[in-house]
Amino acid sequence: MIRFEHVSKRYGESLILDDLNLEIATGEFTVLIGPSGCGKTTTLKTINRLIEPDKGKIFIDDQDISQIDKVKLRRSIGYVIQQIGLFPNMTVEQNISVVPKLLNYEKARCNKIVRELLALVDMPYEEYAHKYPSEMSGGQQQRIGVLRALAASPPIVLMDEPFGALDPMTRRILQDEVSKLQKKLNKTIVFVTHDMDEALNMADKIIFMNKGKIVQIAAPEEMLENPADDLIRSFMGKHSKDQEALPQTAADFMRSDIYSCYRNRGVREAIQQMARRKVDTLLVKNLDDTYAGTVSIKSIRNHGKDLKTIEPLITQENAVSYVDEDAQICFDKLLNGQDSYVVVLNHDGTIAGIVTKTSMAKSLADAVWGDSQ
Amino acid sequence: MSHFLALYGKRLSSAIVTHFWYVVVSVVFAFVIAFILGILLSRMPKRANLILPVISVFQTIPGIVFIGLLFLYNGMVPSTVVIALTIYAIFPILKNTYVGIINVSENFKEAARGCGMSPFQILMKVEVPLALPSIITGLRISTVYTVSWAVLAAMIGLGGLGELIYAGVSSNNNALIIAGAIPAAIMALLFSLAIDFLRKALIPKQLRRDSK
Amino acid sequence: MTLDMIMSHLYLVLAAVALTIIIGVPLGILAYFYKSVRKIILWVVEVLQTMPALALLGIIMVFLGAGKATVVIGLLLYSLLPVVQNTYVGLSEVDPAIKEVAQGMGMTKLYRLWHVEMPIAFPLIFTGIRIAAVTSVGTAVFATFVGGGGLGSLIYRGIRVSNMTMIMSGTLALMVMAVGCDGIMSHIEKRLYRRFSPRKTI
Ligand SMILES: Nc1ncnc2c1ncn2[C@@H]1O[C@H](COP(=O)(O)OP(=O)(O)O)[C@@H](O)[C@H]1O
Ligand SMILES: [Mg+2]
């Protein structure tokens, strides 16, 4: 059992952990969730003393961990970090046996552990044991990261957004694998994520944090039924009962990470920019940053060879909308016109973004099923 | 040719041997010192932006200066050459050791800490191995330069292959110049091949990316 | 210390660097264009740089005699590596998409090289030139042994006559030259990289 008693942590002026009190039962899969910067990682790291709290105490099985030697403590707690953190200078086998070796296990015993663990995730020893991390996919690497944490059979394993960098498919598979492992090996796992899907999928118990405080501790179903506040409700997104209002204006549907250039740019430069961004048109601005029109690769290809700047190739045929224009009107322009996007302008004439079919679908999906970041 | 060998053969072989030992001894000393210093400096990374420029500035001092200064203080003894070359050879290795260790990503260090490694274990099992490519690059630079500056041992009358080059240049004897220059060039190439070999032996090929 | 010596040192370095650019960049381009000669070119410049400077100068002197020409050629051979290598690497690393678009517009190979690929590779090539220049400042010290003058003569004479001031002022001048050269060129380099890096307008 892990118990926090009045744990606080400050960095300078700001209170990062604010009087945390909580208990994590042995063999339980606990997920720490909350918005970015709320203190999840800090909380996790206080458990293996990578961070020391300013106030309060943490107990593992009723023993105050500040009294246990740091290095010893860490060897008895598995730790998996988001950036994978496999040692690139070691093979899979060496990586997995880091902690057993630190604990002076014999060679044969280390090897046996590696074989057993690899078998657990269906990665044949012969094929993988002698590979270096750089020779494996992200998913495989993170599997090894998890195995490394399990190698010395620690009763507790800490995981900090371990699957954050993986694609959704792999992520799902690894979630299931870890869930299975946890049940099978009966570990106490503390798992940090900011993805409610992941939390609901894996947790026995969810701890929701915000601004260094615990907002709610509950089983997944209970949190779904009775979210303690609006923030949790919005995190539940698609899962929760009542929906937020649908987005209304063009601005709600646009993407703002667009590529543009000034009208006096050289043709070659424009081509380079398009190539780099893998786009076939560029938005063009006047020198005062107001919208001037668009330039397409086709027009450059047809007429641009002898030109110095893109100026003569700028057209204003593309559909335009304003940030507060009704979303429906904007959609009409997109769906009924022949342009692949609608340019959205601010009222001062500068470019705010563009609405594409993809950005539209994505915003709608987010609205209906929750923010899937 | 045989005439030449009869005339200079003995001088040449002793010059090669002297030159070789100047290089090996200086580089070994320099490596030990620079490696330890590099590690010590890497323990104070907050001063990195102070330390690095200082090392880099010292690196611009040509080897002749160290040899010259030590000659004035220490006199015409072999230790003058060895100490001067050692000092010169320290800087590239020091810089590359320091930079190599400093650049090990915090991720790996944190993972190592999380595994329960002590600071010393983190250094030996994670930081140094990951810095090894950089360290060996530094070793190679130092070695090649040392072969080059060891030629100047002759400037203060202390032998080595420079003696032949030197004598050749001042007496306009092309055969002598070549007799010193070619072995010196070959020695430099052999040393750098040996270090490449060391690199291959010490660093798994998956990690061998930076070579320069 | 005479201004003469500083100037003659600078002259040696400048002449060598100019020649290095004139010869090194085309060699790098050649290595980029023709796979058949790539290995040879890159290998030869690497071997040249591995040679002890005085040995190299001595060998050249056998052919050209003592004097500035020997030194300049020696420095040139000695500093080809960074320029050739960076030219080759810079050109090879131009985004294939850009090369394709340029090709798609019907540019010839040479036109593309000059108008698209070289400008993009230029910052890296410049880095090579900076390394070559800074290294040459130090290596030019050897000039004195083959009759080329420069600050090496000052330091050498200082050693001969046990004159500390001479040695120190020569060394200081060298360091200032090397550090100054590095500083100025690094500054330009940073601006180049900034100018050539992708522009984000929003
Ligand atoms: N070493 C540090 N110094 C100052 N502030 C820090 C430090 N580490 C974390 N913080 C701050 O503490 C807060 C919580 O961080 P963290 O626990 O990493 O959040 P989370 O993991 O929930 O995203 C953040 O606002 C972060 O900026
Ligand atoms: Mg975090």
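Description of the structure in this document.

Cut-offs applied
Residues numbered from 1 in each chain as written. Chains lettered and ligands numbered in written order. Predicted model: local features only at pLDDT ≥ 70, side-chain atom pairs only at ≥ 80, totals over all residues. Heavy atoms only, no water. Near = heavy atom within 4 Å. Polar contact = N/O pair within 3.5 Å; in protein donor to acceptor, adjacent residues only side chain to side chain. Areas by Shrake-Rupley, 256 points an atom, 1.4 Å probe, with all protein chains shown as cover. Helix = DSSP H or I, 4+ residues; strand = E, 2+ residues; numbered from the N terminus. Nonpolar A, V, L, I, M, F, W, Y, C, P; charged D, E, K, R; others polar. Buried < 20%, exposed > 50% of the residue type's maximum accessible area, 1.4 Å probe, protein only. Contact = heavy atoms within 4.5 Å. Buried area = accessible area lost by both parts, 1.4 Å probe. Salt bridge = Lys/Arg side-chain N within 4 Å of Asp/Glu carboxyl O. Phe/Tyr/Trp six-rings, centres within 6.5 Å; stacked < 30°, edge-to-face > 60°. Lys NZ or Arg CZ within 6 Å of the ring centre and 35° of its normal.

**Details of the site of ligand 1**
All names here are of chain A.
Next up, step 1: In the vicinity of ligand 1, the contacting residues are Tyr-11, Ile-16, Ser-36, Gly-37, Cys-38, Gly-39, Lys-40, Thr-41 and Thr-42.
Next up, step 2: Between ligand 1 and the protein, one listed contact pairs an oxygen atom with a backbone N or O atom of Gly-39 at 3.0 Å.
Next up, step 3: One nitrogen or oxygen atom from the side chain of Thr-42 is found 2.5 Å from an oxygen atom belonging to ligand 1.
Next up, step 4: Isolated, ligand 1 exposes 560 Å² of accessible area, and the fraction of that covered by the protein chains is 55%.
Next up, step 5: With three residues, the top contributor of residues to the shell around ligand 1 is helix H1 (residues 40-47).
Next up, step 6: Classifying every residue of the shell around ligand 1 gives three nonpolar, five polar and one charged.

**Focus: unusual backbone geometry**
All names here are of chain A.
Next up, step 1: Phi at Asn-104 takes a positive value of approximately 65 degrees, unusual for a residue other than glycine.
Next up, step 2: Relative to the helices and strands, Asn-104 resides in the loop between helix H4 (98-102) and helix H5 (107-120).
Next up, step 3: Look at Asn-104 and you get exposed, because its relative accessible area is 67%.

**Let's talk about the interface of chain C and chain A**
Next up, step 1: The interface is formed by 14 residues belonging to chain C together with 19 residues belonging to chain A.
Next up, step 2: Taken over both partners, the interface formed by chain C and chain A buries close to 1500 Å², and the fraction arising from carbon and sulfur atoms is 58%.
Next up, step 3: Counting the contacts that link chain C with chain A gives zero salt bridges.
Next up, step 4: Our count for the chain C to chain A interface comes out at one residue pair in polar contact (both at pLDDT 80 or more).
Next up, step 5: Secondary structure elements with two or more residues in the side of chain C that touches chain A: helix H6 (96-104) and helix H7 (109-139) of chain C.
Next up, step 6: Considering every element that reaches the side of chain C that touches chain A, the biggest residue donor is H7(C), with four residues.
Next up, step 7: The residue inventory of the side of chain C that touches chain A, partitioned by class, reads nine nonpolar, two polar and three charged.

**Quick notes on the packing of aromatic side chains**
Next up, step 1: Inspection of the entire model under this criterion finds 18 aromatic pairs over all chains.
Next up, step 2: Centre to centre, the rings of Phe20(B) and Phe191(B) are 5.7 Å apart; their planes meet at 20 degrees, and the pair counts as stacked. Here Phe191(B) lies in helix H8 (residues 174-202) and Phe20(B) lies in helix H1 (residues 2-42), a separation of 171 residues in the sequence.
Next up, step 3: Between Tyr166(B) and Phe145(C) the ring centres are 5.9 Å apart and the planes differ by 55 degrees, which places this aromatic pair in the tilted class. With Tyr166(B) in helix H7 (residues 162-171) and Phe145(C) in the loop between H7 and helix H8 (151-160), this pair bridges two chains.
Next up, step 4: In this structure Tyr166(B) comes out as partly exposed when scored by relative accessible area, which is 21%.
Next up, step 5: Classification of Phe145(C) as buried rests on a relative accessible area of 9%.
Next up, step 6: An aromatic cluster is defined as three or more aromatic residues linked by ring pairs; in this entry it consists of Phe66(B), Tyr88(B), Tyr145(B), Trp149(B), Tyr166(B), Phe142(C), Phe145(C) and Tyr156(C).
Next up, step 7: Over the face of the ring belonging to Tyr105(A) we find Arg109(A), whose NZ or CZ atom lies 3.6 Å from the ring centre.

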